[in-house]
Number of protein chains: 2
Amino acid sequence: MVVELISVGTELLLGNIVNTNANFLSQKCAELGYSLYYQITVGDNDGRLREVLKSSMERSDIVILTGGLGPTQDDMTKETVAKVFGKELVMDEVSRERIEGYFKFRFKGNPLDDVVTQNNWKQALKIDGCMVLDNDNGTAPGYIVEENGKAAILLPGPPSEMIPMFEAHVIPYLQQKQNKVFISSMVKICGIGESKAETDIIDLIEKQTNPTIAPYAKSGEVHFRVTAAADNEEEGKKLIAPVVDELYQRFGNNIYSTEEGETLEAVVAKLLRQKNLTVATAESCTGGLLSGRLVNVPGVSGLFNEGFITYSNEAKMKYLGVKEETLRKYGAVSEQTAREMALGAAAASGASAAIAVTGIAGPEGGTQEKPVGLVYIGCLVGSEVTVREFRLKGNRQKIRELSVIYGLDLLRRGLLKL
Amino acid sequence: MVVELISVGTELLLGNIVNTNANFLSQKCAELGYSLYYQITVGDNDGRLREVLKSSMERSDIVILTGGLGPTQDDMTKETVAKVFGKELVMDEVSRERIEGYFKFRFKGNPLDDVVTQNNWKQALKIDGCMVLDNDNGTAPGYIVEENGKAAILLPGPPSEMIPMFEAHVIPYLQQKQNKVFISSMVKICGIGESKAETDIIDLIEKQTNPTIAPYAKSGEVHFRVTAAADNEEEGKKLIAPVVDELYQRFGNNIYSTEEGETLEAVVAKLLRQKNLTVATAESCTGGLLSGRLVNVPGVSGLFNEGFITYSNEAKMKYLGVKEETLRKYGAVSEQTAREMALGAAAASGASAAIAVTGIAGPEGGTQEKPVGLVYIGCLVGSEVTVREFRLKGNRQKIRELSVIYGLDLLRRGLLKL
């Protein structure tokens, strides 16, 4: 089955927003076993949308359209699809009642005719004979229209409305069309470069049929999605298990998770909780970003109580007890300073683990001996301090972002050893 | 003049990467005064790319293609464009010498035939009669092919190569074709919602012709790009000036910058430097993200030396001197605590300004009285402390991100008053 995407919206053509919808939908279609050969973006323009939709319907089985379902004159996706399918727009009673209820609640006591404009009623119209998809996060419903074995799926443009609607209504629809279930596992790796990771399993990737193994690029990490097509969930899981096992054989502890939504910081928090430890942070070049990542995890209080942003040498001495001699002799960006920062953060806070980052993020401040990108990360777990030196490539943002990821990963590895 | 984009790459169709190239190029084309009606993404497939390119060349004057210029068999954009234009591929001596030089340097002493594969030489081929665009950040050059008043511009896929090449070679080319210069200014606003900001200047937006005013959505901020088409730079600047002045009349201090690349944190750093002040931070729910944003600014040391991440009540008392009574009576998320955090951060660090954030980022921890999204931000500048209460909407990430922006903005406003 072949699916095609049409993103509708002049704001996309003006570069006002990035088309993350196309990315999300492409990923999902691949996971569901659909082939996708074209993504098209077109403005809120009846003639051009009609022309594009016609050629898409000719070459693909299913066309997913996002955007252009709002109440304004500009929004015309529903109207244009109806014309291409040769169908009428008719009042959808459920949508009409919902809109009525909304305005009754909002403008209590006023006659409806005074407060509901013609534009508002537009959102209660559906394409004759279509399925209406509820929108729990906005006012525009979605629609699925079928005709002669082809289908058009109309979804709202804002990702906060589109994604939940797709997950609730469109995935089951696409699964049932496909007559197969697709079970997948996301193998997430940190601490190995992308090309090294791919080379390590190139034999598996080349002989893949079912399950498939697809690499996903991600800053500082490598993710492999293992997907099996099967008749049912149980069979799918059975197909995936040996491949995931094989990846564990090859990558071992470099794999930090195989769960879709689990982040590196969530894994660190889980390990801290399991080992009954707390962590403190001491950050120089990352300036709070590593702590900020830890606090991404809901309920992290109790595991992470305090952190120090010690950008100046004075702050490193005052709060972390880094020795003046250490700073003078080895510099603020050194193995010795990173070690004393980690020890000092734990001592000051009373935490049982600590992570410390000091480095040169640039663009200024590099020397031949200590170039931009040189970062030392100190990690204390229990009584053991590990310091690792990194030489990172990229601009200031990139170096700091990678420092955060490698810092969290170093802590994860320290915790695993306990 | 009408331009059209074709992004080539199977990784886009699989949802492996987000198409930020299309966003960047669309923005630039709009700024340069080109109309853009279609963005198309197609895989590394000769037949489909050829079909798409043919229809794009029919309806548009210029087609910009990104991706598919690498050395592998999969990369076929150059070959396919040559076929559609009916041109041969010929050896480009400059590119050939560059590749030779690269391999001579890398594999010193080995005969070239041993180390350079046929694939490598592929990157030295150009379309007969085309312009070759140097790539300073990678191995694949770009190309511009012209025929019968139409043009195809071929650029590499990685943004780190594409963007510098576009800026160095393609912008001058497009400007000269257009016979106009486009001068623009980005008016950046913080502290007013998007729809309020648009409503405030709807009369200007509706009567716009030259300059144009285009709103850009951005989390927690509103940006308006003012663009004038003119015969020369001076005339363009003269056209823009009164519109920017009018926006200042309407938005006043809510405008934090009118410079393209200037961030909110850079403006804060500039004001601190101007007023000869230093700032310290105290963060609870944002957990270091605000400090992390400040450290985005290169050369921030001297202005920002230290910060406290005080996630627990104990840390708030220990480092910031927040009174136990305050925490008991008003709670950690309160105006009083935010005030004491700001005062405490300044006192402990000796900084002349401080910013403190405490709030409920969710998803747990909200009550009817203190719901998720309630955030207090305390700001000390000189001897004056301001505390503002915010009630933010969104998930944990969104609430924390907005808290950071509003915190920086509160500091900016405090500094402006001095």
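What you are looking at is a predicted structure, and each value in this text was computed from that prediction instead of being measured.

> Teacher, can you tell me more about the overall build of chain A here?
Each helix and strand in chain A was counted, giving 17 helices and 17 strands. Dimensions of chain A, computed from C-alpha atoms along their principal axes, come out at roughly 80 × 60 × 40 Å. Looking at chain A residue by residue over its 418 residues, the buried ones come to 54%. Here the analysis covers contacts within chain A between residues at least 6 apart in sequence; of these, 68% occur between residues at least 24 apart. Counting only carbon and sulfur atoms, one obtains 49% of the accessible surface of chain A, whose full area is about 18,000 Å². Separation between the mean location of the 46 positive side-chain charges and that of the 54 negative ones in chain A comes to 5 Å.

> Explain the interface of chain A and chain B to me, please; I cannot follow it from the model alone.
In many analyses, interface size is given as the accessible surface area lost on bringing the parts together. Opposite the 61 residues of chain A that make contact, chain B presents 61 residues. In total, about 4,600 Å² of surface goes out of reach between chain A and chain B, with carbon and sulfur atoms giving 51% of it. Our enumeration of links across chain A and chain B arrives at four salt bridges. Across the salt bridge formed by glutamate 306 of chain B and lysine 318 of chain A, the nearest N and O atoms sit 3.5 Å from each other. Our enumeration of links across chain A and chain B arrives at 40 residue pairs in polar contact (both at pLDDT 80 or more).

> Honestly, the nonpolar core in this entry has me stumped. Any pointers?
In a soluble, globular protein the nonpolar side chains are often hidden away together inside. Membership of the largest hydrophobic core comes to 78 residues, with the highest contact counts inside it found for Ile377, Leu411 and Leu415 of chain A together with Ile377, Leu411 and Leu415 of chain B. Excluding residues that lie within four positions of it along the chain, leucine 415 of chain B makes contacts with Val268, Leu271, Leu272, Lys275, Leu277 and Val381 of chain B. The next biggest cluster of nonpolar side chains, apart from the first, holds 46 residues, and it includes Leu327 of chain A together with Ala280, Ala282 and Val322 of chain B.

> Just checking my understanding: could you explain the sheet that holds strand 2 (residues 35-42) of chain A for this structure?
Backbone hydrogen bonds are what pair the strands of a sheet, in a parallel or an antiparallel way. The twelve strands are arranged 6(A)-7(A)-8(A)-3(A)-1(A)-2(A)-2(B)-1(B)-3(B)-8(B)-7(B)-6(B) in an open sheet whose pairing can be described as mixed. Of all strands in the sheet, those bounded by a partner on one side alone are strand 6 (131-133) of chain A together with strand 6 (131-133) of chain B. Taking the axes of each pair of neighbouring strands and ignoring which way they run, one obtains an average angle of 15 degrees across the sheet. Of the pairings in the sheet, the one linking strand 7 (residues 142-147) of chain B to strand 8 (residues 150-155) of chain B comprises five bridges and is antiparallel in character. In the strand pairing of strand 8 of chain B, glutamate 147 of chain B is matched with lysine 150 of chain B.

> How should the side chain of arginine 396 of chain A be read in this particular structure?
With respect to the element layout, arginine 396 of chain A can be found in helix 17 (residues 396-417). For arginine 396 of chain A, which is buried and forms no salt bridge, the nearest opposite charge comes from glutamate 265 of chain B, at a distance of 9.0 Å. Here the side chain of arginine 396 of chain A touches valine 295 of chain B through a polar contact of 2.6 Å, landing on its backbone oxygen. Of note is the side chain of arginine 396 of chain A, whose polar atom sits 3.2 Å from the backbone oxygen of asparagine 296 of chain B. Not counting residues within four places of it along the chain, the set of residues in contact with arginine 396 of chain A comprises Tyr311, Ala361, Gly362 and Pro363 of chain A together with Val295, Asn296, Val297 and Pro298 of chain B.

> It is not clear to me how the packing of aromatic side chains should be interpreted in this structure. Could you clarify?
In this structure the tally under the stated criterion is twelve aromatic pairs over all chains. Judged by centre distance (6.1 Å) and plane angle (15 degrees), the ring pair of phenylalanine 224 of chain A and phenylalanine 251 of chain A falls under stacked. Residue phenylalanine 224 of chain A is found in strand 11 (residues 221-230), and its partner phenylalanine 251 of chain A is found in helix 11 (residues 233-251); the two are separated by 27 residues along the sequence. No difference in accessibility class separates phenylalanine 224 of chain A from phenylalanine 251 of chain A, as the two residues are buried. Taken together through their ring pairs, the aromatic side chains of Phe308 and Tyr319 of chain A together with Phe308 and Tyr319 of chain B make up a single cluster. It is arginine 59 of chain A that lies over the ring of tyrosine 38 of chain A; its NZ or CZ is 3.7 Å from the centre. Seen from the ring of tyrosine 37 of chain A, arginine 48 of chain B lies directly overhead, with NZ or CZ sitting 3.8 Å from the centre.

> Just checking my understanding: could you explain helix 3 (residues 46-59) of chain A for this structure?
Two residues of an α-helix separated by three or four positions point the same way, owing to the 3.6 residues in each turn. Over its 14 residues, helix 3 of chain A runs 20 Å from end to end, which matches the ideal 20 Å to within 8%, given 1.5 Å per residue. Regarding helix 3 of chain A, the residues found buried are Leu49, Val52, Leu53, Ser56 and Met57 of chain A. Axial view of helix 3 of chain A: buried residues confined to an arc of 135 degrees, hence all on one face. Contact partners of the buried residues in helix 3 of chain A: strand 1 (2-8), strand 2, strand 3 (62-66), helix 4 (77-85) and strand 8 (150-155) of chain A together with strand 2 (35-42) of chain B. The N-capping residue of helix 3 of chain A, defined by a side-chain oxygen 3.1 Å from the backbone nitrogen of glycine 47 of chain A, is asparagine 45 of chain A.

> So what exactly am I meant to see when it comes to the relation of the copies chain A and chain B here?
Here two copies of a chain appear, and what relates them is a rotation about an axis with a shift along it. Turning chain A through 180 degrees and shifting it by 0.1 Å along the axis lays it on chain B, with an RMSD of 0.2 Å. The transformation relating the two chain copies, once decomposed into turn and shift, fits a two-fold axis. For chain A, the residue whose C-alpha comes nearest the rotation axis is glycine 288 of chain A, separated from it by 1.9 Å. Both copies contact each other with a shared surface, as 100% of the interface residues of chain A are interface residues in chain B too.

> What is the right way to look at the environment of alanine 332 of chain B in this model?
Residue and element names in this part refer to chain B. Along the polypeptide, alanine 332 turns up in the loop between helix 15 (324-330) and helix 16 (335-349). Each C-alpha atom of the pair alanine 332 and proline 164 lies 48 Å from the other, and the pair is 168 residues apart in sequence. Residue contacts for alanine 332: discarding those within four places in its chain leaves Asn313, Lys316, Leu327, Thr337 and Thr358.

> Can you help me understand the domain arrangement of chain A in this one?
Here chain A is partitioned into domain 1 (2-178), domain 2 (181-257) and domain 3 (264-417). For domain 1 of chain A and domain 3 of chain A, the distance between their C-alpha centres works out to 47 Å.

> What am I meant to see in the pairing of strand 1 of chain A here?
Where a strand is regular, its side chains alternate between the two sheet faces. Residues and elements named next belong to chain A. For strand 1, the buried fraction is high: seven of the seven residues fall into the buried class. Here strand 1 shows a buried face lined by Val2, Glu4, Ile6 and Val8 and a second buried face lined by Val3, Leu5 and Ser7. Where strand 1 and strand 2 come together, six bridges link them in parallel fashion. Paired with isoleucine 6 across the strands is isoleucine 40, a residue of strand 2. Where strand 1 lies against strand 3, five bridges are found, and the strand directions are parallel. Bridge pairing in strand 3 links valine 3 to isoleucine 62.

> In this structure, what is going on with the pattern of salt bridges? I would like to understand it.
Opposite charge on two side chains lets them pair, provided their charged atoms get close. Summed over the entire model, instances satisfying the criterion amount to 50 salt bridges over all chains. The salt bridge partner of aspartate 231 of chain B is lysine 180 of chain B, with a shortest N-O separation of 3.4 Å. Pair noted here: aspartate 231 of chain B is in the loop between strand 11 (221-230) and helix 11 (233-251) and lysine 180 of chain B is in the loop between helix 8 (159-178) and strand 9 (181-190), with a separation of 51 residues, a long-range link. On the basis of relative accessible area, lysine 180 of chain B is assigned to the partly exposed category, the value being 34%. Among the salt bridges present, the one from glutamate 262 of chain B reaches lysine 270 of chain B, with a minimum N-O distance of 3.0 Å. Residue classification places glutamate 262 of chain B among the buried residues on the basis of a relative accessible area of 13%. Salt bridges here are not isolated pairs; linked through shared partners, they connect Lys28, Glu31, Arg225 and Glu260 of chain A.

About the cut-offs
Residues numbered from 1 in each chain as written. Chains lettered and ligands numbered in written order. Predicted model: local features only at pLDDT ≥ 70, side-chain atom pairs only at ≥ 80, totals over all residues. Heavy atoms only, no water. Helix = DSSP H or I, 4+ residues; strand = E, 2+ residues; numbered from the N terminus. Buried < 20%, exposed > 50% of the residue type's maximum accessible area, 1.4 Å probe, protein only. Contact = heavy atoms within 4.5 Å. Areas by Shrake-Rupley, 256 points an atom, 1.4 Å probe, with all protein chains shown as cover. Lys, Arg positive; Asp, Glu negative; His and termini not counted. Charge placed at Lys NZ, Arg CZ, Asp CG, Glu CD. Buried area = accessible area lost by both parts, 1.4 Å probe. Salt bridge = Lys/Arg side-chain N within 4 Å of Asp/Glu carboxyl O. Polar contact = N/O pair within 3.5 Å; in protein donor to acceptor, adjacent residues only side chain to side chain. Core = buried A, V, L, I, M, F, W, Y, C linked by side-chain atoms within 4.5 Å. Pairing = 2+ DSSP bridges. Axes fitted to C-alpha atoms, helices over the stretch in contact; angles between N-to-C directions. Phe/Tyr/Trp six-rings, centres within 6.5 Å; stacked < 30°, edge-to-face > 60°. Lys NZ or Arg CZ within 6 Å of the ring centre and 35° of its normal. Expected span 1.5 Å × (residues − 1). Arc of directions from axis to C-beta. Least-squares fit on C-alpha atoms with pLDDT ≥ 70 in both. Domains from an automatic or database assignment.

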